[in-house]
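Summary of the model geometry
The chain contents come next:
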Amino acid sequence: MIDDLDPSSPIGVFDSGVGGLTVVRALMERLPFEHIHYFGDTARVPYGIKSVETISHYTTQIAEFLLEKRVKLLIIACNTMAAVAAGVVRDLSPAPVLDVIEAGATSALAATRSKRIGVIGTPTTINSNAYALAIHRHDPEVRLHSQACALFVPLVEEGWLDHPVTRLTAQDYLRPVLAERVDTLVLGCTHYPLLKPLLQEVAGPEVTLVDSAEAMAEQAAALLAERQLHNPARGRPDYHFWVTDVPLRFQTIGERFLGRTLNNVHVVKW
Ligand code: DGL
């Protein structure tokens, strides 16, 4: 890690596709003066069902691309990448690295009273056991109940945020986790914050949902404060969105995740 990072440099955020825009949205709200470069690997998404080797290789390529933009902080917005390749990024990055799993785990520990936590994510994230490792590193007494929810990503991208099919799917996925009487549920995937109202209804009011995008924005703000890396300028920040493909309905889906107009989109040809 280097100490001569420039506070006026951008923050680099990356994800397998458009989902990480939920993290960018939370960052824009929490840190409104920070420049952001986002990278979404839209040509190769989804990562959530790919092997660890493939994900590590893609992740390295993306991290190196953003480091060339001289980012002062790298944020792994994708839970799947964070689950299997966070170590690879930390090894190669001279800038500090934050990842959504560490952020989500910390928030879940702060939220739980009963020490019974549920985690939902893509099959690769859940199979990696990364949330359990991150949570047990802080508190080995926590009982963790995980569930892979492979259908949520396509349902969210279809815009079925409050659709009977999504509700039935959620009821089915959450049943075994809720049966364990968890009091906290980590939304361990970039796409799940968009399902928050529906998931809260299915889980019931007594379960606290941990939005890893919001948790990430809090951690980023804390790190910038601690390292005195806040952008001193108070003007309108620059946002750049780098993608490897512009698939069908990219603009609509991207804006749904970002919650605002998506400008400055650049296509990277690899
Ligand atoms: N970004 C991924 C995650 O947070 C979901 C999409 C994918 O499978 O690539 O796990």
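Structure: above.
Described below are features of the structure shown in this document.

Criteria and thresholds
- Residues numbered from 1 in each chain as written.
- Predicted model: local features only at pLDDT ≥ 70, side-chain atom pairs only at ≥ 80, totals over all residues.
- Heavy atoms only, no water.
- Pairing = 2+ DSSP bridges.
- Helix = DSSP H or I, 4+ residues; strand = E, 2+ residues; numbered from the N terminus.
- Axes fitted to C-alpha atoms, helices over the stretch in contact; angles between N-to-C directions.
- Contact = heavy atoms within 4.5 Å.
- Buried < 20%, exposed > 50% of the residue type's maximum accessible area, 1.4 Å probe, protein only.
- Core = buried A, V, L, I, M, F, W, Y, C linked by side-chain atoms within 4.5 Å.
- Expected span 1.5 Å × (residues − 1).
- Bend = angle between axes of the 7 residues up to and from the residue.
- Salt bridge = Lys/Arg side-chain N within 4 Å of Asp/Glu carboxyl O.

A separate point is the sheet that holds strand E10 (residues 265-267). In spatial order, the strands read E4-E3-E1-E2-E9-E10; together these 6 strands make up an open sheet with parallel pairing. Of all the strands in the sheet, the pair left with one neighbour each is strand E4 (97-99) and E10. In this sheet, neighbouring strand axes are inclined to one another by 20° on average, regardless of whether the strands run parallel or antiparallel. For strand E2 (residues 36-40) and strand E9 (residues 239-243), the ladder comprises 5 bridges, and the chain directions are parallel. Across the sheet, the residue bridging to glycine 40 is valine 243, located in E9. The strands that helix H4 (residues 100-111) touches are strand E3 (73-76) and E4; relative to E4, the one it contacts most, it runs at about 60°.

The next subject is the sheet that holds strand E5 (residues 116-121). Spatial strand order, E6-E5-E7-E8: 4 strands in an open sheet with parallel pairing. With partners counted over all chains shown, the strands left at the sheet margins are strand E6 (143-148) and strand E8 (208-211), one partner each. The average undirected angle you get between the axes of adjacent strands in this sheet is 20°. Packing of helix H9 (residues 196-203) onto the sheet brings it into contact with E5, strand E7 (184-188) and E8, and relative to E8 it is tilted by some 155°. This element, helix H10 (residues 212-226), spans E7 and E8 of the sheet and lies at about 55° to E8.

Among the 5 residues of E7, 5 are classified as buried, and the element is accordingly described as predominantly covered. Alternating positions in E7 separate into two faces, Thr184, Val186 and Gly188 on one and Leu185 and Leu187 on the other, with burial throughout. With 5 bridges joining them, E5 and E7 adopt parallel strand pairing. Counterpart to isoleucine 117 in the pairing with E7 is threonine 184. Relative to E8, E7 runs parallel, the two being bridged by 4 bridges. Within E8, the residue paired with leucine 187 across the bridge is aspartate 211.

Moving on to the nonpolar core. Within the largest apolar cluster, 99 residues are counted, with the highest numbers of intra-cluster contacts made by Val13, Ile75, Phe152 and Leu199. It is H10 that contributes the most residues to this core, 8 residues altogether. Leaving out residues up to four positions away in the same chain, leucine 199 has contacts with Ile120, Phe152, Ala170, Leu174, Leu187, Tyr192 and Leu209.

Under the 1.5 Å per step criterion, the end-to-end length of helix H8 (residues 164-179) is 22 Å for 16 residues, consistent within 8% with the ideal 22 Å. A bend of about 35° at tyrosine 173 is the largest found in H8, and the proline proline 176 appears one to four places after it. Turning to H8, its buried residues number three or more, namely Thr166, Thr169, Ala170, Tyr173, Leu174 and Val177. Contacts made by the buried residues of H8 are with E5, E6, helix H7 (152-157), E7 and H9.

Scanning all chains against the criterion turns up 14 salt bridges. As a salt-bridge pair, aspartate 139 and lysine 115 come within 2.6 Å of each other at their nearest N and O atoms. Taken as a pair, aspartate 139 in the loop between helix H6 (130-138) and E6 and lysine 115 in the loop between H4 and E5 lie far apart in primary sequence, 24 residues in all. By relative accessible area, which is 15% here, aspartate 139 ends up buried. Accessibility expressed as a relative area gives 30% for lysine 115, which makes it partly exposed.

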